[in-house]
Amino acid sequence: MNKQVQVHASLFLVALIYGSNYSIAKEVMPAYVGPFGLIVIRVVSAALFFGIFARFVTKEKIVGRADNMRVILCGVAGIAVNQLCFLVALT
C-alpha cells in the first residue's frame, strides 16, 4: 500500500469517527450516562491509549516540570473543556 492510499484511508477513518461522534453521543447520553461521565470515560481512555502508545513509539520524551504541566493543561483545555461544552449543549 503506497503512502497516498494510507493517508487517504487514515483521513477517512478520522472523518468517520468524528462524524459518528454526534450520533453516538446523542443516543448514549440521555439514557446511560451524562455529559460529565462521558467526558471522564473519553479522557481516561484516551490518556491510557496514548500513554501506552507513547511508551512503544516515541523516542523523545518531554522533560521538565513546566513542559509537562503545559501539556496537561493543553490536554484538559483542548479535549475535556471543548467536549464538555459540546456535550452539555447536545443534551
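Scope of this entry: the structure provided in the associated data block.

**Looking at the pattern of salt bridges**
Taken as a whole, this structure holds one salt bridge when the rule is applied. With its nearest N and O atoms 3.2 Å apart, the salt bridge here joins Arg70 to Asp67. A residue pair is termed a helical-turn pair when its members lie 3 or 4 positions apart in one helix, as Arg70 and Asp67 do in helix H3 (residues 65–90) at three residues. Note on Arg70: relative accessible area 52%, which makes it exposed. Residue classification places Asp67 among the partly exposed residues on the basis of a relative accessible area of 35%.

**Overview of the packing of helix H2 (residues 35–57) against H3**
Two packed helices can be described by the angle between their axes and the distance between those axes. Contact geometry for H2 and H3: axes closest at 9 Å, N-to-C directions at 145°. With respect to the hand of their crossing, H2 and H3 are arranged in right-handed fashion. On H3, the residues touching Pro35, Phe36, Leu38, Ile39, Arg42 and Val43 of H2 are Ile79, Ala80, Gln83, Leu84, Leu87 and Val88.

**Overview of the packing of aromatic side chains**
Aromatic ring pairs are described here by two measures, namely the spacing of the ring centres and the angle between the planes. A complete count under the given rule lists four aromatic pairs for this structure. Arranged with centres 5.7 Å apart and planes meeting at 80°, the rings of Tyr18 and Tyr22 form a pair that is edge-to-face. Of this pair, Tyr18 and Tyr22 both sit in helix H1 (residues 3–31), four residues apart, roughly one helical turn. What makes Tyr18 exposed here is its relative accessible area of 53%. Judged by centre distance (5.2 Å) and plane angle (70°), the ring pair of Tyr22 and Phe86 falls under edge-to-face. Of the two residues, Tyr22 is situated in helix H1 and Phe86 in helix H3; the sequence distance between them amounts to 64 residues. Grouped by ring-pair contacts, the aromatic residues Tyr18, Tyr22 and Phe86 constitute a single cluster.

Criteria and cut-off values
Residues numbered from 1 in each chain as written. Predicted model: local features only at pLDDT ≥ 70, side-chain atom pairs only at ≥ 80, totals over all residues. Heavy atoms only, no water. Salt bridge = Lys/Arg side-chain N within 4 Å of Asp/Glu carboxyl O. Helix = DSSP H or I, 4+ residues; strand = E, 2+ residues; numbered from the N terminus. Buried < 20%, exposed > 50% of the residue type's maximum accessible area, 1.4 Å probe, protein only. Axes fitted to C-alpha atoms, helices over the stretch in contact; angles between N-to-C directions. Left-handed = near helix turned anticlockwise from the far one by under 90°. Contact = heavy atoms within 4.5 Å. Phe/Tyr/Trp six-rings, centres within 6.5 Å; stacked < 30°, edge-to-face > 60°.

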